[in-house]
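Architecture at a glance
The residues making up each chain are set out below.
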Amino acid sequence: MNKKETYTHSQPSKKDMKLLELLHHKKNFKELEIETKKLIEIYPNFSQLFNILGYSLHKQGHLKSAIINYEQAISINPKFIFAYNNLGNVYKDLGKFNEALSKYKYSIELNPNYAEAYYNKGLLYKKFLKYNESIRSFKSALDIKPDYLDAYFDLGQIFVMVGKFEEAIENFQKVINLKSDFKQAYNNIFFTSLYMKKNNYDFFTALARKFRSSVKTIDKKLLPQNQFEKKPKKLRIGFISGDFWEHPVGYILLGTLKNLRNKNLELIGYSNFFKQDKFSTKIKSYFDKWYEIENKEDFEVINSIRNDKINILVDLSGHSAKNRLSLFMNKAAPIQISWGGYPGFTGVPEIDYVIGDPYVTPKNENKFFSEKVFLLPNIWICFTAPEIEIEIKKLPAIKNKYITFGSFNNLSKINDEVISLWSKIIKAIPKSKIFLKSNVLDDAYFSELIIDKFKKNNVKKDSIILEGRSSRTDYLNCYNKIDIALDPFPWSGGISTFESLWMGVPVLTKKGFDKFVSHQTESINYNSGMGDWVASDNNEYFNKAVKFALDINELSKVRKNLREKVLKSPSFDTSLFAQEFDKALWKIWNNFIQK
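Since the structure is predicted, the reported quantities are computational estimates derived from the model, not experimental observations. (Residues numbered from 1 in each chain as written. Predicted model: local features only at pLDDT ≥ 70, side-chain atom pairs only at ≥ 80, totals over all residues. Heavy atoms only, no water.)

**A word on the overall build of the chain**
Selection rule: Numbering of helices and strands starts at the N terminus; helices are DSSP runs of H or I of at least 4 residues and strands are runs of E of at least 2. Put simply, the radius of gyration uses C-alpha atoms, and a globule should come to 2.2 Å times the residue count raised to 0.38. Summary of the burial criterion: residues with accessible area below 20% of their type's maximum are buried, those above 50% are exposed, and those between are partly exposed, where the area comes from a 1.4 Å probe applied to protein chains only. We call two residues in contact whenever any of their non-hydrogen atoms come within 4.5 Å of each other. Each accessible area value is a Shrake-Rupley result obtained with a 1.4 Å probe; residue values ignore everything except the protein chains displayed when judging cover. Charge assignment in this entry is limited to Lys and Arg as positive and Asp and Glu as negative, and neither His nor the chain termini are counted. Here the site of a charge means atom NZ of a Lys, CZ of an Arg, CG of an Asp or CD of a Glu.
In terms of helices and strands, the chain carries 26 helices and 13 strands. Compactness check: the chain gives a C-alpha radius of gyration of 28 Å against a globular reference of 25 Å for 595 residues, within 12% of the reference. Projected onto the principal axes, the alpha-carbon positions of the chain cover approximately 95 × 65 × 45 Å. Counting only residues that meet the buried cut, the chain has 57% of its 595 residues in that class. The contacts of the chain with a sequence gap of at least 6 include a subset with a gap of at least 24, amounting to 68%. Carbon and sulfur atoms provide 49% of the accessible area of the chain, an area that totals close to 27400 Å². On the chain, the mean spot of the 90 positive side-chain charges and the mean spot of the 67 negative ones are 1 Å from each other.

Right, dumping it as structure tokens:
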């Protein structure tokens, strides 16, 4: 009898299985594959080994080989629920919806209390944009396992996507209750709050303190001392972002950095996400020094920042994805500021300033920031005009014989109150239509959701034009199809407002309140000489929309001259903005030295 036959009905020792568990824990999947194969040679009928081998192969991206091994595990043990669940995960990653769903359902049939199968079914539905089914699956997982952290987190993310912001925050809060140092849950609560009308400052201040205390800072004795010069010939400015590419942050940085190079500044970029495109190549060329920090520990990055003798460190991410707020919590530089990439308060006490302007950060709202508010004289950011040559065509209403309103904002900003007001406007202007363009409108779920919301406000389907993702050139060209852009609230447009004005389309907005995000278009309009397009409340918003829509001649004049007008304004004058930003940096530094 050979060795393999000797162990046919036995199983690996606890020591063998402990080794596999250790390799799994260390995420050393190649070594896990090797050791599991060795054991399979000895124990060829032990189903768990084939399940483990399938998992190690799956994690290395060998999906077809993973399927073979999961199926072998099932052939040995036809009621092996974990193998069915794992097989479903592979099919999910392969984009095979029906195959994945059948495996999860069979796992649940074998064990109705198998929470992980419900959770994975929820992820499957989420991936294929079946959000109602996804929500039900996550809730089923939580009924079985009330402390299922991942299920709360993913359920929260879906609630954000479908515009149920309070439910989203409630689920992210449950994640924090289970794991107080779950960074992404804090980030998601702060980011989700930007969509909400109510500014619960006390709640978010308390949450910020909890977030800050949950992050372990590095022992100062282990870090090098700051080595900055008190009176440098050139200020050394560090910029940290995960968005140094064709992204809204890229659109505001490109022209600003180009002009800042001519100032007494040395610019150092710390990129927290590697992505190469035309924007990233140009942005990188404007920095004197550049680091890729995505895969570097905080300790190593802080060493670089301090060895570079950074005077002022600029955060361009806030609570958005790919942030490195932990670097700022370690006070990596003597002065730290939040600017441009995140329109709200960070709640991080080590960040000294947030950059604003008289409109986005009015004096009576300074109390809503943990940072000191530093006002630039005109506008808080400046848009880099596209280099694409796109003609502004005649007002479409002249040819169409009806007004087309439009909004190209993130669909999550278009809440029920916004739809109610826009519906009144559409019904007040005979034959008018509304054109909404957003990436998610490629998905039937969101198209049906938005149409249904307008229907509830008695706006017919044929009055609504929906369009999804397109190239930037085609996207900008779509402004030639609308007469008036309508701004959502409370989170008003940013880049979409700049783009609309550049394409000759005026943007009607509402004066903001209590929140940075609510003032964005207000500031852009005033700085672009379009103050008449800022309404004080919903009634004035409605009245202005009707008034502007009924005056076709005036709309045509505005369209004809708007691009030329805004290009000369502080909203687009990157040279002027760089001059003001440079002065601000030097003033902030000199104030620090004097203290």
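**Quick notes on the sheet that holds strand β11 (residues 484-486)**
Spelled out, the test is: Note: two strands are recorded as paired if DSSP finds a minimum of 2 bridges between them.
The six strands lie next to each other as β10-β9-β8-β11-β12-β13, forming an open sheet whose pairing is parallel. In this open sheet, the two strands that pair with only one neighbour each are β10 (464-467) and β13 (534-535). As paired elements, strand β9 (residues 433-437) and β10 share four bridges and run parallel to each other. Bridge pairing links Ile-434 to Ile-464 in β10.

**As for unusual backbone geometry**
Geometrically, the link from Phe-489 to Pro-490 is a cis peptide bond, its omega value of 5° lying close to zero. Tracing the backbone through its elements, the reader meets Pro-490 in the loop between β11 and α22 (495-502). In this structure, Lys-331 is a non-glycine residue whose phi angle is positive, near 50°. Mapped onto the secondary structure, Lys-331 falls in the loop between α17 (325-329) and β5 (335-338). Phi at Lys-431 is positive, roughly 65°, even though this residue is not glycine. In this structure, Lys-431 sits in the loop between α19 (416-428) and β9. Here Lys-431 falls in the exposed class, since its relative accessible area comes to 68%.

**With respect to the packing of helix α3 (residues 29-42) against helix α4 (residues 47-59)**
The line we're drawing: Axis definition: a line fit to C-alpha positions, over the contact stretch in the case of helices; interaxial angles, taken between N-to-C directions, run 0 to 180 degrees. Roughly parallel means an angle under 35 degrees; roughly antiparallel means over 145; roughly perpendicular covers 65 to 115; every other angle is labelled oblique. Put simply, a crossing is left-handed when the front helix is turned counterclockwise from the back one by less than a right angle, and right-handed when it is turned clockwise. Ten residues, namely Ala, Val, Leu, Ile, Met, Phe, Trp, Tyr, Cys and Pro, are considered nonpolar, four, namely Asp, Glu, Lys and Arg, are considered charged, and the remaining ones, Gly among them, are considered polar.
Interhelical geometry of α3 versus α4 gives an angle of 155° and a closest axis separation of 9 Å. Comparing the axis directions of α3 and α4 gives the class roughly antiparallel. Here α3 and α4 pass one another in a crossing that is left-handed. Two secondary-structure elements touch here, α3 through Phe-29, Leu-32, Glu-33, Thr-36, Lys-37, Leu-39 and Ile-40 and α4 through Leu-49, Phe-50, Ile-52, Leu-53, Tyr-55, Ser-56, Leu-57 and Lys-59. Of the residues in the contact of α3 with α4, the class split is 10 nonpolar, two polar and three charged.

**What about the pairing of strand β12 (residues 507-510)?**
For the record, the criterion: The path from the first strand over the helix to the second decides the hand: if it runs clockwise while the strands point away from the viewer, the crossover is right-handed.
Judged by which residues are buried, β12 turns out to be covered on both faces: Val-507 and Thr-509 on one side and Leu-508 and Lys-510 on the other are all buried. As paired strands, β11 and β12 are joined by two bridges and run parallel to one another. Bridge assignment links Ala-485 to a residue of β12, and that residue is Val-507. Handedness of the crossover is the feature at issue here: the chain leaves β11, passes through α22, returns alongside β12, and the resulting connection is right-handed. In this sheet, β13 lies alongside β12 in parallel orientation, the contact comprising two bridges.

**A short note on the sheet that holds strand β2 (residues 265-271)**
Reading across from one edge, β3-β2-β1-β4-β5-β6-β7 is the order of the seven strands in this open sheet, with parallel pairing throughout. Strand pairing shows two members of the sheet lacking a second neighbour, β3 (289-292) and β7 (372-375), which therefore form its edges. Along the sheet, successive strands turn relative to each other by an average axial angle of 25°, direction set aside. Strands in contact with helix α26 (residues 574-594) are β1 (235-241), β2, β4 (312-315), β5, β6 (353-356) and β7; relative to β5, the strand with the most contacts, it is inclined by about 140°.

**As for the nonpolar core**
What counts here: Residues grouped as a nonpolar core are buried Ala, Val, Leu, Ile, Met, Phe, Trp, Tyr and Cys residues, joined through side-chain atoms within 4.5 Å.
Membership of the largest hydrophobic core comes to 169 residues, with the highest contact counts inside it found for Phe-239, Ile-312, Trp-339, Phe-405, Trp-422 and Phe-454. Ignoring sequence-local partners within four residues, the contact set of Trp-422 consists of Ser-407, Ile-414, Ile-434, Leu-436, Phe-454, Leu-486, Asp-487, Pro-488 and Tyr-541. Formed by 31 residues, the second largest nonpolar core is a distinct cluster that contains Leu-32, Leu-53, Ile-74 and Phe-97.

**Quick notes on helix α14 (residues 248-260)**
Filter applied, for reference: Helix span, as expected, comes to 1.5 Å for every residue beyond the first.
The terminal C-alpha atoms of α14 lie 19 Å apart, and with 13 residues this matches the ideal 18 Å at 1.5 Å per residue to within 8%. With 11 of its 13 residues buried, α14 lies for the most part within the structure. Listed as buried for α14 are Val-249, Gly-250, Tyr-251, Ile-252, Leu-253, Leu-254, Gly-255, Thr-256, Leu-257, Asn-259 and Leu-260. Looking at the buried residues of α14, the elements they touch are β1, β2, α15 (278-285), α21 (472-477), α22 and α26.

**Side note on the packing of aromatic side chains**
Quick reminder of the rule: Here is the rule: rings of Phe, Tyr and Trp (six-membered ring for Trp) pair when centre to centre is within 6.5 Å. Planes less than 30 degrees apart are stacked, more than 60 are edge-to-face, and the remainder are tilted.
By the definition in use, this model includes 51 aromatic pairs. Between Phe-191 and Tyr-195, the ring centres sit 6.5 Å apart and the planes meet at 70°, which makes this aromatic pair edge-to-face. Look at Tyr-195 and you get buried, because its relative accessible area is 8%. On the numbers, 6.2 Å between centres and 85° between planes, the contact of Tyr-353 with Phe-374 is edge-to-face.

**Structural notes on the confidence of the model for the chain**
What counts is decided by this rule: A score from 0 to 100, pLDDT tells how confident the predictor is in each residue.
On average, residues of the chain carry a pLDDT of 95, and 98% of them reach 70 or more. With pLDDT under 50 throughout, residues 1-9 is counted as low confidence; its partners more than four residues away or in other chains account for seven contacts.

**Concerning the packing of α19 against helix α24 (residues 538-550)**
Interhelical geometry of α19 versus α24 gives an angle of 35° and a closest axis separation of 10 Å. Here α19 runs over α24; the crossing is right-handed. Where α19 approaches α24, its residues Glu-417, Leu-421, Trp-422, Lys-424, Ile-425 and Ala-428 are matched on the opposing element by Asn-538, Tyr-541, Phe-542, Ala-545 and Val-546.

**Let's talk about the side chain of Asn-272**
The test is simple: Think of a polar contact as two N or O atoms within 3.5 Å of one another; within protein, one of them needs to be a possible hydrogen donor and the other a possible acceptor, and neighboring residues in sequence only count if both atoms come from side chains.
Within the element layout of this structure, Asn-272 appears in the loop between β2 and α15. In terms of polar contacts, Asn-272 uses its side chain to reach the backbone carbonyl oxygen of Lys-322, at 2.9 Å. If we skip the residues at most four places from it in the chain, Asn-272 touches Ser-241, Gly-242, Ile-293, Glu-294, Lys-322, Asn-323 and Arg-324.

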